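Secondary and tertiary structure notes
The primary structure of each chain is shown beneath.
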Amino acid sequence: MSGVTSFAHTSAEPAGLPVDLDDAAHRCLVAGFDGTTGVPDELKRLVDRGLGGVILFTRNVRDAEQVRRLTGELRALRPDLLVGIDNEGGGIGHLVAAGAPEVPGSFALGVADDPGLTARCADALAGHLASLGITVSYAPVADLQHHPRNPIVRTRSFGAEPALAARHLRAWIAATERRGVASCAKHFPGHGGTETDSHHGIAVDPRPYDELRADLEPFRAAVDAGVPMLMSAHVVFPALDPERPATLSRRILGDLLRHELDFDGVLVSDALEMKAIADRYGEAAGARIALAAGADQVIVAVPELEVTLACRDAVLGALRSGALPEERLWEAAGRVRRLAGRYAVTGGAVGGRDAGSGGWDAGAGLEAARRAVRGGPVPAAVRGAHVVDLFPPPHPALNWGGEDLLTEVRAVDPTATGTAVAGEPADPAAVVAGILGASGAAPLVVATCDAGLHPWQERVRAALLARRPDAVRVDTGLPEGGALCSYGRGRVNLRAVAEVLAGG
């Protein structure tokens, strides 16, 4: 088992299956759970039967020392248990309370287009994970952002150009590997060409195969760079498989990924409770079909362990009936064991330029964010401004650390005032009137985030600009023309654009 310690089960041949086959089935599961202290008894039983990994979320994080105790307790149950978390940087991250390094999202890194700088940012994120005992980073995003109405990839992507994304993926993967943390490129074969967020429903990419091939190039680069894990997309690609989303498709996971791209690492599904899978197939059937199609692990991220147990039972039932061949499970579990042999136990943070921050470059993220700010025109300094920050409500599946532009402007210009509006207001006209009244003669800054996807932002912005055509416009998502753009809403993205505004 590649140096991984073996543990005996407390029960003999559970559910009518040999113990080693039961263990193999559990290796193919990654479970979410609730709480910051103590491991639930049901999760302990799953770990005892061979559970392959756990995934942490904001709900599991209070501070750094607490996370270290939690990962230590998990690994004390079985040292080869993989402990993972989504760790892309930018406005998406679950370790804010644990002192996560502040780095911009991938799009800003692509705009700066310095792979060495991307490597320094990835190193900071991975070094922090290693210091917490977290061994798997479900990052980086390899999707190309080229559909203007894509609602979920956007600034999580390195960009729209395959070659640009490829060079930054290589830098990210190599830096993460040096820290002894497993990276995971996602979401194969690409989620950037859809108009639907697969968290909320079936996403379809209707492009012909000749157009889809460009989206494969970043994944091909990741495979060539030795990425140990890939994550599948809950997206239907009619040109590849007209029936099933990639996560459940033998054609995509087998013929395309394993044979054409020659990937032999661990293929993990995106979370099965996402509606693209749960509403059409159900999580339990999704687990069974995904493993039969070629996935090696499936993620059940919800904290309710009964959902994980239902998925487990569906897999065991399919093994008993022969619907899921034993050979497929042995293959999948073997890949997971090899991965655990390489990454399950971290060596902790290694030395580097800034020993006070665990050996990583704590300033890399702000440097990258500053280099990514584009657009204008902007006056030399907009001091004492009234800052209006319009942005959509936080995505329920992605963490938001509470960042807003007004806070970051006030950090460099305490005389600034303003209004942060998170989500469509009940009375937009009253909000506009309040802003105009509060701003008085002060300079006005109006920031939006992907206003083309959120018409209420366009309406509020237009009403403000009609009365204040002198207002400075800012985009904190993808650029929409003529505005100063941060290319993301991570804290360092907002700080960097705030410095430009305030001349700091």
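Note that the structure is predicted; figures quoted are calculated from it, not measured.

Broken down by element type, the protein chain carries 17 helices and 15 strands. Relative to the globule expectation of 23 Å for 504 residues, the C-alpha radius of gyration of the protein chain, 23 Å, shows essentially globular dimensions. In the protein chain, which comprises 504 residues, the proportion classed as buried is 60%. Long-range contacts, defined here as pairs at least 24 residues apart, represent 78% of the contacts in the protein chain between residues at least 6 apart.

Further remarks concern the sheet that holds strand E7 (residues 229–232). Hydrogen bonds between backbone atoms are what pair the strands of a sheet, whose relative direction is either parallel or antiparallel. As summarised here, the arrangement of the 8 strands in space is E1-E2-E3-E4-E5-E7-E9-E10, forming a closed barrel in which the pairing is parallel. Sheet topology note: the strand E3 (residues 82–85)/strand E4 (residues 136–137) ladder contains 2 bridges and is parallel. Opposite Ile 85, over in E4, you have Ser 137 as the bridge partner.

Core analysis: the largest hydrophobic core is formed by 97 residues, its most contacted members being Leu 43, Leu 74, Ile 134, Leu 230 and Leu 319. Here this core gets 9 residues from one element, more than from any other, and that element is helix H5 (residues 115–132). Discounting chain neighbours no more than four positions away, the residues touching Leu 43 are Ala 31, Phe 33, Leu 51, Val 54, Leu 74 and Leu 305. In this structure, Phe 57, Val 136, Leu 339 and Ala 340 belong to the second largest nonpolar core, which totals 21 residues.

Right, let's get into the confidence of the model for the protein chain. Averaged over the protein chain, the pLDDT score is 92; the fraction of residues at 70 or greater is 93%. The low-confidence segment residues 1–13, where pLDDT is below 50, has 25 contacts with residues more than four positions distant or belonging to other chains. Contacts from residues 348–356, a stretch scored under 50 in pLDDT, to residues over four places away or in other chains number 19 contacts.

Pairing in this open sheet of 5 strands is parallel, and the strands run E12-E11-E13-E14-E15 from one edge to the other. On the outer flanks of this sheet lie strand E12 (417–422) and strand E15 (484–485), each paired with one strand and no other.

It is worth spelling out the pairing of strand E11 (residues 386–391) at this point. Among the 6 residues of E11, 6 are classified as buried, and the element is accordingly described as predominantly covered. Covered by surrounding structure in E11 are His 386, Val 388 and Leu 390 together with Val 387, Asp 389 and Phe 391, the residues of both alternating faces. Summarising the sheet, E11 and E12 pair through 6 bridges and their orientation is parallel. Note on E12: the bridge partner recorded for His 386 is Thr 417. Relative to strand E13 (residues 444–448), E11 runs parallel, the two being bridged by 4 bridges.

Calculation criteria
Residues numbered from 1 in each chain as written. Predicted model: local features only at pLDDT ≥ 70, side-chain atom pairs only at ≥ 80, totals over all residues. Heavy atoms only, no water. Helix = DSSP H or I, 4+ residues; strand = E, 2+ residues; numbered from the N terminus. Rg over C-alpha atoms; globule rule 2.2 N^0.38 Å. Buried < 20%, exposed > 50% of the residue type's maximum accessible area, 1.4 Å probe, protein only. Contact = heavy atoms within 4.5 Å. Pairing = 2+ DSSP bridges. Core = buried A, V, L, I, M, F, W, Y, C linked by side-chain atoms within 4.5 Å. pLDDT = per-residue confidence, 0-100.

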